[in-house]
Amino acid sequence: CHAEFFRYAQWHSLASEVVKKLNIPVLYIYYEDYLTNLDGKTEELLEFLDLPRSGDLPDFDSKKDYSGYFTREERAAASDLMRRVASADGVNLLERYWVTLDFEKMRKETKALE
């Protein structure tokens, strides 16, 4: 599982590097942008691609919930791993999804209970 999070962080870091080196125009749209502003983000995307709107937008199904796949501690550990291996640009792209826990404080508190 660690390898998957490493690959995920590396992909975002390397994609950012390629975009910069090749001076490729890029538009970042996040999943939650569709939840909060589907019409606006669609217009922004169409404008970026220089495409006209064609028809009505279908409903956006946002009922997916993956929060039960990992505990908060596991998500924090994965976030910590990605924070350590991602480039600064990769961190900027991914950090909005990370969970932060103070692992050192947790270790000390656990040892104090022993």
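Up top is the structure.
As the structure is a prediction and not an experimental result, all values here were calculated from the model.

Chemist: What is the right way to read the packing of aromatic side chains from this model?
Modeler: For any pair of aromatic rings, geometry is given as the distance between the ring centres together with the angle between the planes. Within this structure, the stated rule accounts for two aromatic pairs. The aromatic ring of Tyr30 is capped on one face by Arg96, whose charged end is 3.6 Å from the ring centroid.

Chemist: What should I look at first to understand the packing of helix 1 (residues 2-21) against helix 3 (residues 72-85) in this one?
Modeler: In a pair of packed helices, the angle between the axes and the distance between the axes together describe the arrangement. Interhelical geometry of helix 1 versus helix 3 gives an angle of 45° and a closest axis separation of 9 Å. What the angle tells us is that helix 1 and helix 3 run oblique. In the crossing of helix 1 with helix 3, the sense of the turn from one axis to the other is right-handed. Judged by residue contacts, His2, Phe5, Phe6, Tyr8, Ala9 and Gln10 of helix 1 engage Ala78, Leu81, Met82 and Val85 from helix 3. Looking at the contact of helix 1 with helix 3 residue by residue, the class counts come to eight nonpolar, two polar and no charged.

Chemist: Explanation requested: the nonpolar core in the structure shown.
Modeler: Across soluble globular proteins, you tend to see nonpolar side chains buried next to one another. Judged by nonpolar contacts, Ala9, Met82, Ala86, Val91, Leu94 and Trp98 together constitute the single largest core of six residues. The residues touching Leu94, leaving out its near neighbours within four places in the chain, are Tyr8, Ala9 and His12.

Analysis parameters
- Residues numbered from 1 in each chain as written.
- Predicted model: local features only at pLDDT ≥ 70, side-chain atom pairs only at ≥ 80, totals over all residues.
- Heavy atoms only, no water.
- Phe/Tyr/Trp six-rings, centres within 6.5 Å; stacked < 30°, edge-to-face > 60°.
- Lys NZ or Arg CZ within 6 Å of the ring centre and 35° of its normal.
- Axes fitted to C-alpha atoms, helices over the stretch in contact; angles between N-to-C directions.
- Helix = DSSP H or I, 4+ residues; strand = E, 2+ residues; numbered from the N terminus.
- Parallel < 35°, antiparallel > 145°, perpendicular 65-115°, else oblique.
- Left-handed = near helix turned anticlockwise from the far one by under 90°.
- Contact = heavy atoms within 4.5 Å.
- Nonpolar A, V, L, I, M, F, W, Y, C, P; charged D, E, K, R; others polar.
- Core = buried A, V, L, I, M, F, W, Y, C linked by side-chain atoms within 4.5 Å.
- Buried < 20%, exposed > 50% of the residue type's maximum accessible area, 1.4 Å probe, protein only.

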